[in-house]
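Observations on chain architecture
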Amino acid sequence: MGTTRMFVAVAIAAAIFPGHADDLDIAPAMTAAAAWLATVDAGRYAQSWDDASPLLQQSMPKTQWETTLAPVRQPLGGLVVRKLRSATYTTTIPGAPEGQYVVVVYDTRFENRPVAFETVTPMREKDGSWKVSGYFIR
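What you are looking at is a predicted structure, and each value in this text was computed from that prediction instead of being measured. (Residues numbered from 1 in each chain as written. Predicted model: local features only at pLDDT ≥ 70, side-chain atom pairs only at ≥ 80, totals over all residues. Heavy atoms only, no water.)

Quick look at the pairing of strand S3 (residues 113-124)
Which entries qualify depends on this criterion: A pair of strands counts as paired when DSSP detects no fewer than two bridges linking them. Numbering goes from the N terminus for both helices and strands, where a helix is a DSSP run of H or I of at least four residues and a strand is a run of E of at least two.
One ladder, built from 7 bridges, connects strand S2 (residues 101-110) with S3; its direction is antiparallel. Bridge pairing in S3 places Asp107 opposite Phe117. Connecting S2 to the next strand, S3, in antiparallel fashion are 2 residues. Bridging between S3 and strand S4 (residues 130-137) involves 7 bridges; their strand directions are antiparallel. Within S4, the position partnered with Thr121 by the bridge is Gly134. In this structure, the hairpin formed by S3 and S4 is closed by a connection of 5 residues, where Gly128 is found at a positive phi of approximately 95°.

A look at the packing of aromatic side chains
For clarity, the threshold we go by: Classification of ring pairs rests on two measures: the distance between centres of Phe, Tyr or Trp rings, Trp counted by its six-membered ring, which must be within 6.5 Å, and the angle between planes, read as stacked under 30 degrees, edge-to-face over 60 and tilted in between. The buried label goes to any residue with under 20% of its type's maximum accessible area, the exposed label to any with over 50%, and the partly exposed label to all in between, with areas taken from a 1.4 Å probe on protein chains only.
Counted according to the given criterion, the structure contains 2 aromatic pairs. Plain terms: the ring middles of Trp36 and Trp65 are 6.1 Å apart, the flat faces sit at 55° to each other, and that makes the pair tilted. With Trp36 in helix H1 (residues 27-41) and Trp65 in helix H4 (residues 62-73), this residue pair connects regions lying 29 residues apart in the sequence. The same class applies to Trp36 as to Trp65, namely buried. Judged by centre distance (5.3 Å) and plane angle (65°), the rings of Trp36 and Tyr135 are edge-to-face. In this pair, Trp36 sits in helix H1 while Tyr135 sits in strand S4, placing the two residues 99 residues apart along the sequence.

Regarding the sheet that holds S3
Keep this limit in mind: Note on geometry: axes are C-alpha line fits, over the in-contact stretch for helices, and angles between N-to-C directions span 0 to 180 degrees. We call two residues contacting when some pair of their heavy atoms lies within 4.5 Å.
Taken together, 4 strands build an open sheet; the order of strands is S1-S2-S3-S4 and the sheet is antiparallel. Of all strands in the sheet, those with a lone pairing partner are strand S1 (79-90) and S4, marking the two edges. Geometrically, the sheet is characterised by an average inter-axis angle of 25° between neighbouring strands, direction not taken into account. Relative to S4, H4 is tilted by about 50°, and along the sheet it contacts S1, S2, S3 and S4.

Structural notes on the confidence of the model for the protein
Selection criterion: Note on scores: pLDDT gives the predictor's confidence for each residue, bounded by 0 and 100.
For the protein, mean pLDDT is 86; residues scoring 70 or higher make up 83% of the total. Note that pLDDT drops below 50 for residues 1-21; the model gives that stretch 51 contacts with residues more than four away or on any other chain.

Quick notes on the pattern of salt bridges
Where charged atoms from two side chains of opposite charge approach closely, those side chains can pair. Quick reminder of the rule: In what follows, salt bridge is the name for a side-chain nitrogen of Lys or Arg lying within 4 Å of a carboxyl oxygen of Asp or Glu.
All chains considered together, the criterion is met by 6 salt bridges. Here Asp50 and Lys62 are joined by a salt bridge, their closest N and O atoms 2.9 Å apart. In this pair, Asp50 is assigned in helix H2 (residues 45-51) and Lys62 in helix H4, connecting sequence segments 12 residues apart. The partly exposed category is assigned to Asp50, whose relative accessible area is 35%.

Focus on H4
Rules: Expected helix span is computed as 1.5 Å times (number of residues minus one).
With 12 residues, H4 should reach 16 Å at 1.5 Å per residue; the first-to-last C-alpha distance of 16 Å fits that figure. If you check which residues of H4 are buried, you get Trp65, Thr68, Leu69, Ala70, Val72 and Arg73.

Notes on the nonpolar core
So the rule is basically this: Residues grouped as a nonpolar core are buried Ala, Val, Leu, Ile, Met, Phe, Trp, Tyr and Cys residues, joined through side-chain atoms within 4.5 Å.
Counting residues in each nonpolar core, the largest one holds 29 residues, and the members touching the most others are Trp36, Trp65, Val102, Val120 and Tyr135. Of all the elements in the fold, those that place two or more residues in this core are H1, H2, H4, S2, S3 and S4. Among the elements that line this core, the one with the most residues is H1, at 7 residues. Non-local contacts of Trp36, meaning those with residues more than four positions away in its chain, are made with Ser48, Asp51, Ala52, Trp65, Val120, Val132 and Tyr135.

Rendered as structure tokens:
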């Protein structure tokens, strides 16, 4: 798969079916996604697993997360710029339980990869907090 490996705790298919969220403030989900990405950008992969949703944690052990994420992210080099492309609220993600999710897509440029797309999927936890349940980079 090369440096363009897919790793994701929750299978995010190409078709995402938006839910209804007229009164839902997705800003906390966006904040959670940005904070989690900052942890990944800093190379703190074990911490990113600790900070993730139980859904992501249950999909693979921490050591596997680290050994999957490191060879994908490290060759990209440092973050140059990350711009929000879209943020879509949904209650369904293929292969995941019903819930409240925000699928956040960024156009990202790294030192060694001028064009990349990152998809980060925070989910709302039972306590109302948002935690990342999936990550995909291409």
